[in-house]
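Observations on the model geometry
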Amino acid sequence: MTVSTTVSQTALLVELEPVVARNLDRHLSLAKEWFPHEYVPWSEGRTFDGPLGGEAWSPTDSTIPDVARTALIVNLLTEDNLPSYHHEIATLFGRDGAWGTWVHRWTAEEGRHGVAIRDYLTVTRAVDPVALERARMTHMSEGYTNAHGDEVLHSLAYVSFQELATRISHRNTGKATGDPACEALLARVAADENLHMVFYRNLLAAAFELAPSQAMRAVADVVADFQMPGNGIEGFARKSVAIALAGIYDLRQHRDEVLQPVLRQWDVFNVTGLDADGQAAQEQLAAQLDTLDRAASRFEEKRDARAARLAR
Ligand SMILES: [Fe+2]
Ligand SMILES: [Fe+2]
């Protein structure tokens, strides 16, 4: 058994900075510039009621299915909370050096997502703009707090999974709308989320080299209590059930398409040189994946039974 030596949070930030710098260069060379306005069908737009005296929103203004509207609202409100996310990562990673450059660049890219989705929803009248604005006010007034706010590796593990989760959820929401324009927009957003995931995943891979037991502990803890970033949205539980029933984001996808691919990249079950807590974390992680597998299967059975019932 390896003797436990803990690397301090400050030392982790310092040691990882060259990895941040390398991955920032990689990111900038791969990220494609794109423009939100090109993805919005402006000619479909009509003036709303209010000061300009246009037409009030009606649910019949759009043919997008209800569940896709719900998912679009959840995804947009999630993006809207960017000031809180920026605060969390700027506080933890700092605003200097390569870390700081990344924090600002990432924030600028994420800012595009909310702008693009809101423009699309407003112009196409896909959702009630009054309800959406009220939901944004409520959600942003709550803010967002990182569950592991003062731990670098926990936060890196969380964002690795979270970026991939948002990628999958944007992608599948786009498909669920049945609108090629919306699908193209959300595919574009999803491509950004994928690059974000790769950035964070590479950082944590380096952390596994640097402090394997601490990295394993971080991953196990984060997988055990993972919550979507939008989980503070009003009515989130009800909305996320609808989203899961529609297959836009469910437990099976969470386990098999979000957790597993990232864990495989880190090769978590072949990491050696762990101290006692690192080994315990590795075992907890394996047990948690089994638990999620069973829970995902139960959900799928229930969903199938429900679909069969509705088809009768
Ligand atoms: Fe985003
Ligand atoms: Fe992202």
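Everything quoted here is computed from the prediction, not taken from an experiment.

It is worth spelling out helix 8 (residues 212–224) at this point. With 13 residues, helix 8 extends 18 Å from end C-alpha to end C-alpha; this agrees with the ideal 18 Å at 1.5 Å per step. Burial of helix 8 is extensive: eleven of the 13 residues sit out of reach of the surface. Buried residues of helix 8: Pro212, Ser213, Gln214, Ala215, Met216, Arg217, Ala218, Val219, Ala220, Val222 and Val223, and no others.

Turning to the coordination of the iron ion (ligand 2), a few remarks are in order. Only Glu110 (OE), Glu163 (OE), Glu193 (OE) and His196 (ND1) from the protein coordinate the iron ion (ligand 2), and they sit 1.8 to 2.3 Å from it. For the iron ion (ligand 2), the donor residues sit on a single chain with the sequence spacing E-x52-E-x29-E-x2-H. Take glutamate 110: its relative accessible area is 5%, and that puts it in the buried class.

With that settled, consider the nonpolar core. Ranked by size, the top nonpolar core spans 85 residues in total, and within it Phe93, Leu153, Phe161 and Val219 carry the most contacts. Among the elements that make up this core, the one with the highest residue count is helix 7 (residues 180–210) (13 residues).

When helix 9 (residues 236–245) is considered as a whole, its buried residues turn out to be Phe236, Lys239, Ile243 and Ala244. The buried side chains of helix 9 occupy one side of the element, clustering within an arc of 135° when seen end-on. Structural note: helix 9 exposes Ala237 and Arg238 on the side pointing more than 90 degrees away from its buried face. Buried residues along helix 9 sit in contact with helix 2 (66–80) and helix 11 (276–311). Following helix 9 by one or two positions, glycine 247 adopts a phi angle in the positive range, close to 75°.

Thresholds applied
Residues numbered from 1 in each chain as written. Chains lettered and ligands numbered in written order. Predicted model: local features only at pLDDT ≥ 70, side-chain atom pairs only at ≥ 80, totals over all residues. Heavy atoms only, no water. Helix = DSSP H or I, 4+ residues; strand = E, 2+ residues; numbered from the N terminus. Expected span 1.5 Å × (residues − 1). Buried < 20%, exposed > 50% of the residue type's maximum accessible area, 1.4 Å probe, protein only. Donors = N, O, S within 2.8 Å, 3.2 Å for Na, K, Ca; no water. Core = buried A, V, L, I, M, F, W, Y, C linked by side-chain atoms within 4.5 Å. Arc of directions from axis to C-beta. Contact = heavy atoms within 4.5 Å.

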